[in-house]
Amino acid sequence: PRLLSDVSATFWRGEFVAVIGPSGCGKSTLLKMIAGIASGQEEGTIRWDGRDLGEEDFKPSEFGYVPQFSIAHEELTVEECVDYSARLRVAGISSAERSELVARLLGQVGLEEFGERTVKVLSGGQKRRLALAMELVSSPPILLCDEVTSGLDPQSEEEIVSLLRKVAREGNRLVISVTHSLKNLNDYDAVVVLYKGVLLSLIHISEPTRPY
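Residues numbered from 1 in each chain as written. Predicted model: local features only at pLDDT ≥ 70, side-chain atom pairs only at ≥ 80, totals over all residues. Heavy atoms only, no water.

Enquirer: So what exactly am I meant to see when it comes to the pattern of salt bridges here?
Expert: Side chains bearing opposite charge may pair, as long as their charged atoms lie close to each other. Tallied over the full model, the rule gives 11 salt bridges. Across the pair arginine 51 and glutamate 56 runs a salt bridge whose closest N-O atoms are separated by 3.7 Å. With relative accessibility at 14%, the residue arginine 51 sits in the buried group. Aspartate 189 is the salt-bridge partner of arginine 169, the closest N and O atoms lying 2.6 Å from each other. Here arginine 169, found in helix H5 (residues 154–170), pairs with aspartate 189, found in the loop between strand E6 (174–178) and strand E7 (190–195); they are 20 residues apart in sequence, far enough to count as distant. On the basis of relative accessible area, arginine 169 is assigned to the partly exposed category, the value being 32%. Judged by its relative accessible area of 0%, aspartate 189 falls in the buried class. The network of salt bridges with shared partners includes Arg51, Glu56 and Glu62. (Salt bridge = Lys/Arg side-chain N within 4 Å of Asp/Glu carboxyl O. Buried < 20%, exposed > 50% of the residue type's maximum accessible area, 1.4 Å probe, protein only. Helix = DSSP H or I, 4+ residues; strand = E, 2+ residues; numbered from the N terminus.)

Shown next, in the form of structure tokens:
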């Protein structure tokens, strides 16, 4: 059986998009198809900036993928995690420039006071912020987030959603976030509703500035 079928939608840079639906409806599969992690397209295309991603994949610096669970090494400090991510994904910058980048990103996600702390002592919300900083090192124009608010308390969830909206706006990047929560849907520009692998509805809540 097909995991996704009849899914057609257009999104823009600067938009913050939620993908909702029951478990097993294809939400995470949709993200993985966009990222190129899942393959097996029988028909249809995914386009970004005029390119067919089936023929010309994303460059490593063009997208970020934030999973539900932390992939940061528990024994490293917050600063070390972001620094190593920058070493792997950003070429041609000096040590001083990399240090400035790490400091700026930690400030952007609200972890500037936690740089020397090890990952293992962070709260769930702080680990999600760290994962976001690690994916933003290359300033990707598209950011894919897979249930990054899952398991968080209401305040932490609201803070992460607000942060992702800010990341979309200030970076003029497309942020697509899979979520089971319906609490903060008014903070999104659009909501995609999936059911049994089919796009049931695409609701535009607000309209960010569109390119001409």
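Moving on, there is more to tell.
Enquirer: Before we go on, may I ask you to explain the pairing of E6 in this structure?
Expert: Regular strands show a simple pattern: their side chains alternate between the two faces of the sheet. The buried fraction of E6 amounts to five of the five residues, a majority that puts the element mostly inside the structure. Burial along E6 is two-sided: Leu174, Ile176 and Val178 facing one way and Val175 and Ser177 facing the other are all buried. In the sheet, strand E1 (residues 16–20) pairs with E6 via four bridges, with the strands oriented parallel. Bridge pairing in E6 links alanine 18 to serine 177. Sheet topology note: the strand E5 (residues 142–146)/E6 ladder contains five bridges and is parallel. Looking across to E6, one finds that cysteine 145 is bridged to serine 177. With H5 bridging E5 and the parallel E6, this β-α-β connection has right-handed handedness. (Pairing = 2+ DSSP bridges. Right-handed = clockwise from strand over helix to strand, strands pointing away.)

Enquirer: Please explain the pairing of E5 as it appears in this structure.
Expert: Counting buried residues in E5 gives five out of five residues, a clear majority hidden from the surface. Burial along E5 is two-sided: the face carrying Ile142, Leu144 and Asp146 and the face carrying Leu143 and Cys145 are both buried. Of the strand pairs in this sheet, strand E4 (residues 63–66) and E5 are connected by four bridges, and their pairing is parallel. Bridge assignment links phenylalanine 63 to a residue of E5, and that residue is isoleucine 142.

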